[in-house]
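So the chains spell out like this:
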Number of protein chains: 2
Amino acid sequence: MKLCEIINVGTELLLGEILNRDAQILCEKLAALGISVRRAMTVGDNPGRLKEDFLLALGRSDIVILTGGLGPTADDLTKEVVAEALGLPLAEDAAQKERIEAFFRRRGYPCSKSNMKQALVPEGCTVLYNDNGTAPGCFIQTGEGKAVALLPGPPRELLPMLEQSLLPLLRPYGSGVIVSHYVRTVRLGESRMAELAGELLDMENPTVAPYAKEGEAYLRVSAHGADREAAEALCDPVIKKLKKMLGISVYSVDKELGEVVLDLLTAQGKTLALAESCTGGGVAARLTDLPGASKAFLCSFVTYSNEAKTAMLGVKPSVLSRFGAVSAECARQMAVGARKRSGADVAVAVTGIAGPSAEGTDKPAGLIYFGATDGARIIGEKLETGRCDRGYNRAIAAKIALALARDLLL
Amino acid sequence: MKLCEIINVGTELLLGEILNRDAQILCEKLAALGISVRRAMTVGDNPGRLKEDFLLALGRSDIVILTGGLGPTADDLTKEVVAEALGLPLAEDAAQKERIEAFFRRRGYPCSKSNMKQALVPEGCTVLYNDNGTAPGCFIQTGEGKAVALLPGPPRELLPMLEQSLLPLLRPYGSGVIVSHYVRTVRLGESRMAELAGELLDMENPTVAPYAKEGEAYLRVSAHGADREAAEALCDPVIKKLKKMLGISVYSVDKELGEVVLDLLTAQGKTLALAESCTGGGVAARLTDLPGASKAFLCSFVTYSNEAKTAMLGVKPSVLSRFGAVSAECARQMAVGARKRSGADVAVAVTGIAGPSAEGTDKPAGLIYFGATDGARIIGEKLETGRCDRGYNRAIAAKIALALARDLLL
């Protein structure tokens, strides 16, 4: 098995200003290719130490991947250091130069001299063009049969370049294939899920591992095979068993909940409207993160104030004064109002106290009510997270709102 | 200044199963103490490589902090490897033994032999007791005046132990304090910003470094001083200069744009409404991420479909048929409609093509129009990102929408 080391470059990482997501992305993708990452190192924007660490890594590994330090400013020097360490001069790449000029023409910004630094690449490398930024990556094969790759630091530039350009070049270095699938559940705790999965958690190939994130628990099923087909064939029966054991809590294999809801809507030719208070647009934002949401999603009434709840959704002032905005009654009226005023087939509403404090009410942070209607039925749900964490409460509320839409559509 | 290296131990990190949050937590807290982290390394649960990397780090640094590998199972071996490398035997700590036994008594579980492995610590160390788990940390001072610390891997165990136990022990190794501030801009590219900052980027103390994230460019001003006051006094004049050099593009020092807009609204006793199409609730979600948003933010009309734009905001069908939903005219009518129907003082609207494709239109992905009104004036803006990246386009659109609200309020 070929050995790989990762070097993430950036003083901002060592100052703790930025969370290093690149290392995880790379480790996960390389593992799937059967390439073993032995070390991941973070170093600052210091040419001396970077060169020292790069040569050490190259000496003991088959592949070295560096991220970051490819920007246009003077402290971006990964490319320069690596080229010098390998004895390669930097040369202008015509296609990359044209890309940079076009980028600035479109933006209407002037293209400064420092930007043209990003047209330079180590001589003889394979240029990895960047569709999401101006910094090109590159792939270098050394005389000793080793491989060196440079990728941009921002994950949204790194990930597509990795998937589209670098991984195909690294495939010859991999051994076999690792395939992973995620059995995703909602309204099920991680430990309860693990109990239900029982001895499947002790398997060797595929492995089954429990995870939890933002109120959602899921199982990763991961198999190693000679090729994708062989690995899939190992996963298949285990996933089927897990779905049977976990029942209705399983909302998908791999797909996000928002995608599942949009698929159900599209298949049934139905449309959706939302009414959001404590999530403040978060449910709509999650749905519309998905391309093609416009096929089924009509609108969200983000009614943060009481006045907006009455004016935009027709929630009765008497309900607000008697039960408060955070109540089952308000959630139901919000859902009914959203459906009526939008003309959607299905409407879902959420209202609650996101926290961190619960000023001006005698209700606790983390208390959240949901309502949903398809015209024929009105259903509701109540959630008490017992937490004051605003981000957590908003995230789990968005998930339950989508789960309620799924309930109505099933 | 004392030099520190961090070693995060765990094969799960190298497989990409877990995001490494420990490194960021440590880097941030150490920087604030005036301890410079030179390298952060992730290694697997392999005793040979761990020993090699530990000795290398200890040889070139004053402080080495290791995290993870302190659990009760056989692959947890950080403590064993470090003790052996330092020539220290492991000895049972009576207080730690009592803690473990009490933990299992409370839980009603039997205490297994492997759990008692966690009562062992390197002889002569300071034990860092764990109030959130069973693994103790430890702090070792070597004969050569160097310091070694071991911390548990899970962030919710590591963070309290770090703050309550380890940082006070490391204070003598710190030298003064590092203070960082962020001069944040909007509508300014990173390279243009860097050019305007000119030779301030070459300063030594404070240092000034340019960064870019989701269409926002910012400068980090970071000073090292004997105490916080001294460090702040070094930052102050440089921040003032930068604000002058970058002009109106600077929207804040440190504060997020949403916070700046909410502060302006609150100070002027005004309220805000939004009308969102391509951002799909993302502007509202960003604003309501901030506790206290309800003081000034009334509502958002997330009108994803054309019908919703007409029904909820009163956009004229003739505007939609003549100019399309992605047009300056539509953005203006959305803003006017949102202000009128919500009763807010200020309304901002955004409509565009988030991508990745631009199906059914002859307009490109990344074309986004904005409108804003305070009743007296209507202003607009057009953005062409030239990118097909849905996430990027939505993020930068949310930022410009907030910038337009700021423009109206200034």
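Each value, and the rule that gives it
Residues numbered from 1 in each chain as written. Chains lettered and ligands numbered in written order. Predicted model: local features only at pLDDT ≥ 70, side-chain atom pairs only at ≥ 80, totals over all residues. Heavy atoms only, no water. Contact = heavy atoms within 4.5 Å. Salt bridge = Lys/Arg side-chain N within 4 Å of Asp/Glu carboxyl O. Polar contact = N/O pair within 3.5 Å; in protein donor to acceptor, adjacent residues only side chain to side chain. Pairing = 2+ DSSP bridges. Helix = DSSP H or I, 4+ residues; strand = E, 2+ residues; numbered from the N terminus. Buried < 20%, exposed > 50% of the residue type's maximum accessible area, 1.4 Å probe, protein only. Axes fitted to C-alpha atoms, helices over the stretch in contact; angles between N-to-C directions. Parallel < 35°, antiparallel > 145°, perpendicular 65-115°, else oblique. Left-handed = near helix turned anticlockwise from the far one by under 90°. Phe/Tyr/Trp six-rings, centres within 6.5 Å; stacked < 30°, edge-to-face > 60°. Lys NZ or Arg CZ within 6 Å of the ring centre and 35° of its normal.

A. Expanded view of the interface of chain B and chain A. At the interface, 73 residues of chain B touch 70 residues of chain A. Joining chain B to chain A, the criterion identifies 11 salt bridges. In this structure, the salt-bridge partner of Arg-60 of chain A is Asp-53 of chain B, at a minimum N-O distance of 4.0 Å. At the surface where chain B touches chain A, the tally comes to 35 residue pairs in polar contact (both at pLDDT 80 or more). Bridge count for strand 2 (residues 36-43) of chain A against strand 2 (residues 36-43) of chain B is 5 bridges, and the pairing is antiparallel. Bridge pairing links Val-43 of chain A to Arg-39 of chain B in strand 2 of chain B.

B. Quick peek at the pattern of salt bridges. Applying the stated criterion to the full structure yields 43 salt bridges over all chains. Arg-228 of chain A is the salt-bridge partner of Glu-232 of chain A, the closest N and O atoms lying 3.0 Å from each other. Placement of both Glu-232 of chain A and Arg-228 of chain A in helix 9 (residues 228-246) is noted, with a separation of 4 residues, approximately one turn of the helix. Looking at Glu-232 of chain A, the relative accessible area reads 22%, which means it is partly exposed. Between Glu-98 of chain B and Arg-105 of chain B there is a salt bridge whose closest N-O contact spans 3.3 Å. Accessibility expressed as a relative area gives 41% for Glu-98 of chain B, which makes it partly exposed. Given a relative accessible area of 57%, Arg-105 of chain B falls into the exposed group. The structure contains a network of salt bridges with shared partners spanning Glu-5, Arg-39 and Arg-60 of chain A together with Glu-52 and Asp-53 of chain B.

C. Local environment of the side chain of Ser-249 of chain A. Position of Ser-249 of chain A among the secondary structure elements: in the loop between helix 9 and strand 12 (250-253). For Ser-249 of chain A, a relative accessible area of 14% corresponds to the buried category.

D. Examining the pairing of strand 1 (residues 3-9) of chain B more closely. Residue and element names in this part refer to chain B. Counting buried positions over the 7 residues of strand 1 gives 7, a clear majority of the element. Neither face of strand 1 is open: one carries Leu-3, Glu-5, Ile-7 and Val-9, the other Cys-4, Ile-6 and Asn-8, and all of them are buried. Bridging between strand 1 and strand 2 involves 7 bridges; their strand directions are parallel. Residue Cys-4 lies in a different strand from strand 2, and its bridge partner there is Val-37. Across 5 bridges, strand 1 lies against strand 3 (residues 63-67) in parallel orientation. Counterpart to Glu-5 in the pairing with strand 3 is Val-64.

E. Representation of the packing of helix 10 (residues 257-268) of chain A against helix 15 (residues 390-409) of chain A in the model. Residues and elements named next belong to chain A. The geometry of helix 10 relative to helix 15 is characterised by a closest axis approach of 9 Å and an angle of 30 degrees between their N-to-C directions. Considering the angle they form, helix 10 stands roughly parallel to helix 15. Like other packed secondary-structure pairs, helix 10 and helix 15 cross with a definite hand, here left-handed. From helix 10, Leu-257, Gly-258, Val-260, Val-261, Leu-264, Leu-265 and Gln-268 reach across to helix 15, where they touch Lys-399, Leu-402, Ala-403, Ala-405, Arg-406 and Leu-409.

F. Main features of the environment of Ala-284 of chain A. Its place among the elements puts Ala-284 of chain A in helix 11 (residues 282-288). Take Ala-284 of chain A: its relative accessible area is 0%, and that puts it in the buried class. Here the alpha-carbon distance between Ala-284 of chain A and Val-183 of chain A, two residues 101 residues apart in the chain, equals 24 Å. When near neighbours in sequence (up to four residues on either side) are disregarded, Ala-284 of chain A contacts Leu-274, Glu-276, Phe-297 and Ser-300 of chain A together with Gly-280, Gly-281 and Val-302 of chain B.

G. Structural detail: the packing of aromatic side chains. This model, assessed by the stated rule, comprises 7 aromatic pairs over all chains. Ring geometry for Phe-103 of chain A versus Phe-104 of chain A: centroids 5.2 Å apart, planes at 80 degrees, classification edge-to-face. When sorted by exposure, Phe-103 of chain A lands in the same class as Phe-104 of chain A, which is buried. In textbook terms, an aromatic cluster arises when at least three aromatic residues are bridged by ring pairs, as seen for Tyr-182, Tyr-211 and Tyr-218 of chain B. Here the guanidinium or amino end of Arg-387 of chain A rests over the ring plane of Tyr-392 of chain A, the centre of that ring lying 3.7 Å away.

H. Fine view of helix 4 (residues 78-86) of chain A. Along helix 4 of chain A, the residues classified as buried are Thr-78, Lys-79, Val-81, Val-82 and Ala-83 of chain A. Among the residues trailing helix 4 of chain A, Gly-87 of chain A stands out with phi positive, at a value near 70 degrees.

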